[in-house]
Amino acid sequence: MAAEDQHSDKTLWRYHAPAKMDRVQLAMWIELLEKRTGICLAENRKSFLLTSLSTRMRELGYDSYDAYFQYLLKGRCGAIEWEILVDRLTVHESRFYRDPRALALIQDQFLPELSSKRGRLKNEQQKSIDIWSLGCATGEEAYSLALLLEDFMLSNHLEGYYSITATDISSAALSAARKGVFHINRLKNVPASLIDLFFSREDENHYRIAEKLRRRICFTRLNSLYLSRARLGMMDLIYCQNVLIYFKRRYRHMMLDQMVKYLRPEGVLILGAGEISDWKHMEMEAVSYSGTLAFKRMQGERPS
């Protein structure tokens, strides 16, 4: 009997190929995902969709795509389940200092110019630096920005306040980000001096980021498709990388236009190189810095 039970347990965890999905069903799922999140699922990611759906359906006991689809549309239970599914369908793999050229732009150009300008201000409240990390996943990007600011202030003997608002659609990713504990592999690009200053060992393979940096970051859930609903103040820097690639062109332009409304005059918007090539805005000008895609908001009236 014990042997039979052991064999039964093994069969429970055996790999199951995703069930077949016809074109009509696939179109329904793609439409639902785009309608609710704006994410456009590329044809080459169909297998990823089927695997994610099949895995979650087995966990809940569903054997029909249509039945699970209808469950997602049912009131509060469906809304909770949708959050879980979206977390499965969005990629959270990240690492610290992922784009060294974009961070070099901040360190070599943005921060020196901003600190020089803020140094001439008399109002201390106006000297704070406000940053938005959009699509922050599990927090590596937001913490990288915090490390960069801390290092810049220490190196230049500056005193001041900064805050980082980090947003993502995944509640699970945000929960992991708030803990501030990362596998050592995620820190490969971080200078050893900064690891010594701002990290402590959690165990053999994990590090915890300093509470000083965690307090500077507010992690909050936000669907990037609805940026106009964001309750945010004005920003000096908006850092948005590897987000736009998931959206159709019309959504990308709409999202970028909304981001501009949150930028202070002379504020900077940094995107992933190659994420968009045909966007123009009358209040924005391109920033020239090798290997980056960035724009600065020109001087003008503050948006209402």
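In case you missed it, the structure is sitting above this.
Residues numbered from 1 in each chain as written. Predicted model: local features only at pLDDT ≥ 70, side-chain atom pairs only at ≥ 80, totals over all residues. Heavy atoms only, no water.

**Q** Explanation requested: the sheet that holds strand 6 (residues 217-221) in the structure shown.
**A** Sheet strands pair via backbone hydrogen bonds, and the direction of the pair is either parallel or antiparallel. On the basis of which strands lie adjacent, the open sheet formed by seven strands has the order 6-2-1-7-8-10-9 and mixed pairing. Unpaired on one side and paired on the other, strand 6 and strand 9 (284-286) mark the two borders of the sheet. Averaged over all pairs of adjacent strands, the angle between their axes in this sheet comes to 20°, without regard to strand direction. Two strands pair when backbone bridges link them, and strand 8 (residues 263-271) and strand 10 (residues 293-297) are joined in this way by four bridges, in the antiparallel orientation. Looking at the pairing, isoleucine 270 lines up with alanine 294 of strand 10. (Pairing = 2+ DSSP bridges. Helix = DSSP H or I, 4+ residues; strand = E, 2+ residues; numbered from the N terminus. Axes fitted to C-alpha atoms, helices over the stretch in contact; angles between N-to-C directions.)

**Q** When you look at the side chain of threonine 292 in this model, what are you seeing that I'm missing?
**A** Take threonine 292: it is sitting in the loop between strand 9 and strand 10. Assessed through its relative accessible area of 17%, threonine 292 is described here as buried. A distance of 2.7 Å separates the side chain of threonine 292 from the backbone oxygen of tyrosine 289, its partner in a polar contact. Setting aside anything within four residues of it in sequence, one finds threonine 292 in contact with Arg101, Ala102 and Leu105. (Buried < 20%, exposed > 50% of the residue type's maximum accessible area, 1.4 Å probe, protein only. Polar contact = N/O pair within 3.5 Å; in protein donor to acceptor, adjacent residues only side chain to side chain. Contact = heavy atoms within 4.5 Å.)

**Q** What exactly am I supposed to notice about the sheet that holds strand 3 (residues 181-183) here?
**A** Strands sit in the order 3-5-4 across an open sheet of three strands; the sheet is antiparallel. The open sheet has two edge strands with one neighbour each: strand 3 and strand 4 (199-201). Ignoring which end each strand starts from, the neighbouring axes of this sheet average 35° apart. For strand 4 and strand 5 (residues 206-209), the ladder comprises three bridges, and the chain directions are antiparallel. Within strand 5, the position partnered with phenylalanine 199 by the bridge is isoleucine 209.

**Q** Please explain empty space enclosed by the protein as it appears in this structure.
**A** The method is simple in principle: a probe with the dimensions of a water molecule rolls over the atoms, and the space it marks as empty is what remains. Under the defined criterion, the tally for this structure stands at one cavity of 30 Å³ or more. Here the largest cavity defines a volume of roughly 50 Å³. Surrounding the largest cavity, Trp29, Leu32, Leu33, Leu49, Leu53, Trp82, Leu85 and Leu89 form its lining. Secondary structure elements with two or more residues in the lining of the largest cavity: helix 2 (23-37), helix 3 (46-60) and helix 5 (75-89). For the lining of the largest cavity, the per-class residue count stands at eight nonpolar, no polar and no charged. (1 Å grid on protein atoms, 1.4 Å probe; cavity = no way out; pocket = protein on both sides within 12 Å on 5 of 7 lines; lining within 4 Å. Points joined across faces, edges and corners; volume = space filled by probe spheres on them. Nonpolar A, V, L, I, M, F, W, Y, C, P; charged D, E, K, R; others polar.)

**Q** Which parts of the structure should I look at to understand helix 5?
**A** Residues lying three or four places apart along an α-helix face the same way, a consequence of the helix completing one turn every 3.6 residues. Taking 1.5 Å of rise per residue, the 15 residues of helix 5 would be expected to cover 21 Å, and the 21 Å separating its terminal C-alpha atoms lies within 8% of that figure. What helix 5 keeps buried is the set Gly78, Glu81, Trp82, Leu85, Val86, Asp87 and Leu89. Those residues of helix 5 hidden inside the fold are in contact with helix 2, helix 3, helix 4 (65-72) and helix 8 (171-179). (Expected span 1.5 Å × (residues − 1).)

**Q** Would you take a moment to explain unusual backbone geometry for this structure?
**A** Leaving glycine out, the prevailing phi sign among residues is negative, and the prevailing peptide bond configuration is trans. Within the chain, histidine 157 stands out as a residue other than glycine whose phi angle is a positive 55°. Relative to the elements of secondary structure, histidine 157 occurs in the loop between helix 7 (140-155) and strand 2 (162-168). Judged by relative accessible area, which is 74%, histidine 157 ranks as exposed. A positive phi angle is found at asparagine 242, which is not glycine, with a value near 60°. Its location among the elements puts asparagine 242 in the loop between strand 7 (235-240) and helix 11 (249-260).

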